[in-house]
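What follows is the residue order along each chain.
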Amino acid sequence: MDVLAELRTATAPGADLALVVVPAGLGLAVPGRRWAVPGDAAGSAALLARLEELLRPRWTWWAAAGAVGRLPDPLPHLARCHDVGAVHRLLAGGSREDPAACWAAAHGLPQPPPPARRPAPLHGTGLLDLDGGDDGEPVGDDGQLAPAWSQGRALGEAEPAEQVVRAARWAALALEVAQRQARAVAALPEHRRRPGGPPLGVQTAHAESAAALLAVELERTGLPLERATAEGLLERAAGPRPASAAEEARLRAVRDAPVRRALGAGEVDLRNPAQVLGALRGLGFDLPDTRAWRLEQFRHAHPAVEALLSWRKAERIATTYGWSWLDTAVGADGRLRGAWSASDAAAGRMTAQAGLHNLPAELRPAVAAEPGSVLVRADLGQVEPRVLAAVSADAALTAATRDDDLYAPVAAALAADRPTAKVAVLAAMYGQTSGAAGEALQRMERAYPTALGYLRAAEEAGREGRDVRTYGGRLVRVGAPAPGEVGAATAARGRFARNAVVQGAAAELFKAWAATVRAGLSGSAGRIVLCLHDELLLHVPAGEAERAAALLVGALEQTAGRWAAGSGVRFVADVSVVRRWSEAK
DNA sequence: CCCATGACGAG
DNA sequence: AGCTCGTCATGGGT
């Protein structure tokens, strides 16, 4: 094929190669050249696989979902990428990742208005001059991207031949932004001198990009779940599957009745917290709210409390993780699928919908490997305090990371027991001020002044409304104080920033680890099927279990060695090979 | 119909 | 009782 031959002479292996996929084919771009390649989805996927094999490029796209989301299964394994949207969010913070925002930031222009959540009604048919009368040019007189392009209409509404030509042009623009971003991440401040390897900001940009691609793959792959097992667990927790809406209402009334009686208020709506609060007051409980942790201490004081708490638990399963959840979120192939985001708006953790991140423990036995496969699970041990040691360069806390159980040396340093040490460490990272943590925090200050100083500096920035940057370079926007803001809001911003520098850095390490594991699985049938903040779950052929377990450990060693280079901080992972998720540890 | 609130599942 | 997320039900405002 012509394009292949031309690309081989036009670009070196490993170089940036911009990609835009449209229904009519794809657009490719390298500096100074671009190609429009007509073809169907299968042809486009085949070409990508071939290019990957020949060139191993750094695929560059506006967003992974838009670039490969339309390609048919199975997606070819693409090893390396630069995701303009993901890198923009790293550099600029916030949650915008639309092309117009990325373009403006890369060119030092003011942020354009966010795209309408619902596309504006179309007054014409396929016209490109709906917004501001542009003439089909992607860049307007003001230097901003034309809305018709940034919102996809310029590509989506063009005739096939024109569509691929525009795709190539669109790819060239992504490449230009990516190159500006690459300079920006290389110039991010390093927290301290780091021996060897690419700058940390560059590492983070690559890991964030890989995570964005992984998010697309996770969404396709899904989490293997045994429907029959899930149905059994659901039946036990929330009752039998209702045959109709009327039946559902009847079962609900049956569940409610004894709790209402116990509360001594036949009319109370259990789903209305204000009414529940009133009923509890009638029983002599004077409470500010009816949250479970608050009610817990009265569990044995009155049978109604116990009844309410267990009702709530069943109600949670029945509503959020009930039969309708099973029907909508679990496919005919027994895979639980939900949308994934590679980074949340706060500190950059991965998020997932459809219960993937908050599946109740009772339902987890249903998550099981398919016949012939196993689940290989790994979770990072005490990752946040270890991350704190690395990012703050606290020598004493770094020494504590050499222990498998970090809290043991911390307890020794604080002259406290292990539970107290754990509370003190968590309180420091979350900004807790009250309760039993107070005294222990004082000792933390003395034992780990550098780490605590790092946290205090972040908190101070947050209180003043100054943005903070994580160790890996992510800008965390704090937001200016509102005029006349009350002290509680200021304190909340301080706690947010204090926690964000730890939680955010941990998310960066986690994503870099996940990216390394993903790379190590290329060529295997094994897949990452779940990312859960500090935990990776792989689904692999049974014969590859040992290899996968070794990969998880080796990838952590390799990743941490780059990420925390020279810090001396040790990271640990607990790995187990199981049939069911619930069997791990 | 959108949004804030309370509540709770997970890390 | 300090951080983050997603989801559901309710009730008040359009």
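Described below are features of the structure shown in this document. (Residues numbered from 1 in each chain as written. Chains lettered and ligands numbered in written order. Predicted model: local features only at pLDDT ≥ 70, side-chain atom pairs only at ≥ 80, totals over all residues. Heavy atoms only, no water.)

Here's the deal with the overall build of chain A
(1) Moving on: On a plain count of helices and strands, chain A comes out with 23 helices and 15 strands.
(2) Moving on: Scaling as 2.2 N^0.38, a compact globule of 585 residues should have a C-alpha radius of gyration of about 25 Å, and chain A matches this with 27 Å.
(3) Moving on: Each principal axis of the C-alpha atoms in chain A carries an extent, and together these give about 80 × 65 × 60 Å.
(4) Moving on: Long-range contacts, defined here as pairs at least 24 residues apart, represent 65% of the contacts in chain A between residues at least 6 apart. (Helix = DSSP H or I, 4+ residues; strand = E, 2+ residues; numbered from the N terminus. Rg over C-alpha atoms; globule rule 2.2 N^0.38 Å. Contact = heavy atoms within 4.5 Å.)

Observations concerning the packing of aromatic side chains
(1) Moving on: Counted under the stated rule, the structure contains 7 aromatic pairs.
(2) Moving on: Consider the rings of Tyr321 and Trp325, whose centres lie 6.1 Å apart with planes at 80 degrees: the pair is edge-to-face. The burial state of Tyr321 is the same as that of Trp325; both residues are buried.
(3) Moving on: Taken together, the ring pairs connect Trp62, Trp149 and Trp170 into an aromatic cluster. (Phe/Tyr/Trp six-rings, centres within 6.5 Å; stacked < 30°, edge-to-face > 60°. Buried < 20%, exposed > 50% of the residue type's maximum accessible area, 1.4 Å probe, protein only.)

What to know about the protein's contact with DNA strand B
(1) Moving on: Near DNA strand B lie 20 residues; those nearest to it are Thr290, Ala292, Arg312, Arg316 and Asn358.
(2) Moving on: Each atom of DNA strand B within 4 Å of the protein was classed as base or backbone; sugar and phosphate made up 78%.
(3) Moving on: Here Arg364 contributes a side-chain N or O atom positioned 3.1 Å from a sugar or linking oxygen of DNA strand B.
(4) Moving on: The biggest single contributor to the surface near DNA strand B is helix α14 (residues 303–319), with 3 residues.
(5) Moving on: Class assignment for the residues of the surface near DNA strand B results in 5 nonpolar, 5 polar and 10 charged. (Near = heavy atom within 4 Å. Polar contact = N/O pair within 3.5 Å; in protein donor to acceptor, adjacent residues only side chain to side chain. Nonpolar A, V, L, I, M, F, W, Y, C, P; charged D, E, K, R; others polar.)

What to know about the sheet that holds strand β5 (residues 80–83)
(1) Moving on: Strand order in the open sheet formed by 5 strands is β3-β2-β1-β4-β5, and the pairing between neighbours is mixed. Here the strands that pair on one side only, and so sit at the sheet edges, are β3 (33–38) and β5. Pairwise comparison of adjacent strand axes, ignoring direction, gives a mean angle of 25 degrees for this sheet.
(2) Moving on: As judged from the 3 bridges shared by strand β1 (residues 16–22) and strand β4 (residues 58–61), these two strands associate in the parallel manner. (Pairing = 2+ DSSP bridges. Axes fitted to C-alpha atoms, helices over the stretch in contact; angles between N-to-C directions.)

Thoughts on the state of the cysteines
(1) Moving on: A complete count under the given rule lists 0 disulfides for this structure.
(2) Moving on: Free cysteine Cys81: the closest other cysteine sulfur is in Cys531, separated by 14 Å.
(3) Moving on: Among the cysteines around Cys102, which has no disulfide bond, Cys81 carries the closest sulfur, lying 14 Å off. (Disulfide = S-S within 2.5 Å.)

Digging into the pairing of β4
(1) Moving on: What you see with β4 is no split at all: Arg58 and Thr60 on one side and Trp59 and Trp61 on the other are buried throughout.
(2) Moving on: In this structure, β4 lies alongside β5, joined through 4 bridges in parallel fashion. Of the residues in β5, the one forming a bridge with Arg58 is Arg80.

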